[in-house]
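Summary of the model geometry
Letter by letter, the chains look like this.
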Amino acid sequence: LARIADLRAAIDRRDLMVAFQPKVDPATGAVVGAEALARWHHPADGMVPPDEFIPLAEHSGLIRPLTLHMLEVALRSRAAWARTGHDLHVAVNLSPNGLLDVTLPEVVERLLAQTGSAPASLTLEITESSIMADPSGSLATLERLHALGVKLSIDDFGTGYSSLGRLRRLPIHEVKIDRSFVQRLTHDHRDRAVVRSAVQLGHALGLEVVAEGVEDAGALELLAREGCDLVQGYFVSRPLAPDAFTEWLTGQP
Ligand code: G
Ligand code: G
Ligand code: NA
Ligand code: MN
């Protein structure tokens, strides 16, 4: 309970930090976007991992203010990068019950206007399992977000059990191949087969395909060869604090 109060205070005081991890084109190395990841530095206990505080936020009614904070910081940061000539998109994660919040599309629309952001410069990452949790409820929200021009991405793709038929009917722009298939790509021919068919399936459905968890040069090279559109992972860069991310961007071609 003390943790919940501390998390609420951190969100209210805008103390929740955002780390950014770049998404790059594996064929050219060009930086195309960045994913915003929440970071919480607890005043007494130090860094609390998101795997702990995101579920806590979900169960204590704090996920909505947390998500709004992430959206606001992500969009403001994106605007600042654009002013220095780096016109990237920014991705924010939605929690499983985020899609059940019927006010989300209005809130997103307002934040886009306030930060002067084009809707297509925002990607919302949604896990496969959260869509399956309430297919009809989440579809309505997804369609309204899609109508705004915001891009939708299926995160952790391949770990859920969404049918291909359902995937085809969702108003999504991107699938993000789960890192469990990408991390050992160079060593495991089965993972390579999974990644190859995920890229082909995504493209056949007109989607962009992103691979996360790229940890070595071999994986990057294979993904480029398979025609994967974007890659993300420690080999390119770890998630970086905002200042470090800006500095990293400056060093890019
Ligand atoms: O890289 P990292 O350790 O930050 O992320 C751990 C998990 O927490 C991932 O599943 C990631 O999607 C999730 N996560 C990180 N930031 C956010 C956030 O702002 N909102 C939600 N819903 N999940 C997040
Ligand atoms: O997809 P999701 O939002 O769950 O992924 C974000 C998580 O993945 C974050 O915890 C981030 O720190 C982590 N991550 C990012 N790149 C890599 C990587 O190359 N390897 C591993 N193991 N984790 C990564
Ligand atoms: Na994500
Ligand atoms: Mn993921």
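Read on for a plain summary of the structure. Just so you know, these numbers come straight off a predicted model, no measurement behind them.

Procedures and definitions
Residues numbered from 1 in each chain as written. Chains lettered and ligands numbered in written order. Predicted model: local features only at pLDDT ≥ 70, side-chain atom pairs only at ≥ 80, totals over all residues. Helix = DSSP H or I, 4+ residues; strand = E, 2+ residues; numbered from the N terminus. Rg over C-alpha atoms; globule rule 2.2 N^0.38 Å. Buried ≥ 20, exposed ≤ 12 C-beta atoms within 10 Å, placed from the backbone. Contact = placed C-beta atoms within 7 Å. Pairing = 2+ DSSP bridges. Right-handed = clockwise from strand over helix to strand, strands pointing away. Near = placed C-beta within 6 Å. Nonpolar A, V, L, I, M, F, W, Y, C, P; charged D, E, K, R; others polar. Arc of directions from axis to C-beta. Core = buried A, V, L, I, M, F, W, Y, C linked by C-beta atoms within 7 Å.

Take the overall build of the protein chain next. Counting its secondary structure elements, the protein chain contains 10 helices and nine strands. Computed over C-alpha atoms, the radius of gyration of the protein chain comes to 18 Å, within 12% of the 18 Å expected from 2.2 N^0.38 for 253 residues, which places it in the range of a compact globule. Taken along its principal axes, the extent of the C-alpha atoms in the protein chain is 50 × 45 × 35 Å. Taking all 253 residues of the protein chain together, the buried fraction comes to 38%. For the protein chain, the share of sequence-separated contacts (at least 6 apart) that also reach a separation of at least 24 residues comes to 65%.

Okay, the pairing of strand S4 (residues 89-93) next. Here S4 lies mainly inside the structure; four of its five residues are buried. As paired elements, strand S2 (residues 31-42) and S4 share four bridges and run parallel to each other. Its bridge partner lying in S4, Gly33 is registered against His89. The pairing of S4 with strand S5 (residues 122-127) spans four bridges and is parallel. Bridge pairing in S5 links Val92 to Leu124. Handedness of the crossover joining S4 and S5 through helix H4 (residues 104-114): right-handed.

All residues in the neighbourhood of ligand 1 are listed as Leu37, Ala38, Pro50, Asp51, Ile54, Met70, Asn93, Leu94, Ser95 and Pro239. Of all the elements in the fold, those that place two or more residues in the shell around ligand 1 are S2 and helix H2 (50-59). Top element by residues in the shell around ligand 1 is H2. It accounts for three residues. When the residues that make up the shell around ligand 1 are grouped by side-chain class, the tally is seven nonpolar, two polar and one charged.

Attention now goes to the environment of Val108. Its place among the elements puts Val108 in helix H4. Considered as a pair, Val108 and Ile177 are 69 residues apart in the sequence and their alpha carbons are 25 Å apart. Discounting chain neighbours no more than four positions away, the residues touching Val108 are Leu71, Leu145, Leu148 and Val150.

The next point concerns the site of ligand 2. Not every one of the 13 residues close to ligand 2 is listed here, only the nearest: Asp155, Gly213, Glu215, Gly233 and Tyr234. Across the shell around ligand 2, the residue classes tally to four nonpolar, four polar and five charged.

As a further point, take the pairing of S2. In the sheet, strand S1 (residues 17-24) pairs with S2 via eight bridges, with the strands oriented antiparallel. Considered in S2, the bridge of Val24 is made with Val31. Counted between consecutive antiparallel strands, the loop separating S1 from S2 contains six residues, among which Gly29 sits at a positive phi close to 80°. Of the pairings in the sheet, the one linking S2 to strand S3 (residues 46-48) comprises three bridges and is antiparallel in character. Across the sheet, His42 pairs through a bridge with Gly46, a residue of S3. Adjacent in sequence and paired antiparallel, S2 and S3 are bridged by three residues.

Let us now look at helix H9 (residues 217-226). Taken together, the buried positions of H9 are occupied by Ala219, Leu220, Leu222 and Leu223. Buried residues of H9 fall within an arc of 165° about the axis and therefore sit on the same side. For H9, the exposed residues set more than 90 degrees away from the buried face come down to Ala217 and Arg225. Along its buried surface, H9 packs onto helix H8 (189-204), strand S8 (208-211) and strand S9 (230-231). Residue Gly227 follows H9 closely and has a positive phi angle near 85°.

Next up on the list: the nonpolar core. The nonpolar side chains of soluble globular proteins are, as a tendency, buried together. Counting 62 residues, the largest nonpolar core has Ala36, Met70, Ala74, Ile177 and Ala211 as the members making the most contacts within it. Looking at this core, the element that brings in the most residues is helix H3 (residues 63-83), giving seven residues. Ignoring any residue separated from it by four or fewer positions in sequence, one finds Ile177 in contact with Phe157, Gly158, Val182, Val195, Ala198, Val209, Val210, Ala211 and Glu212.

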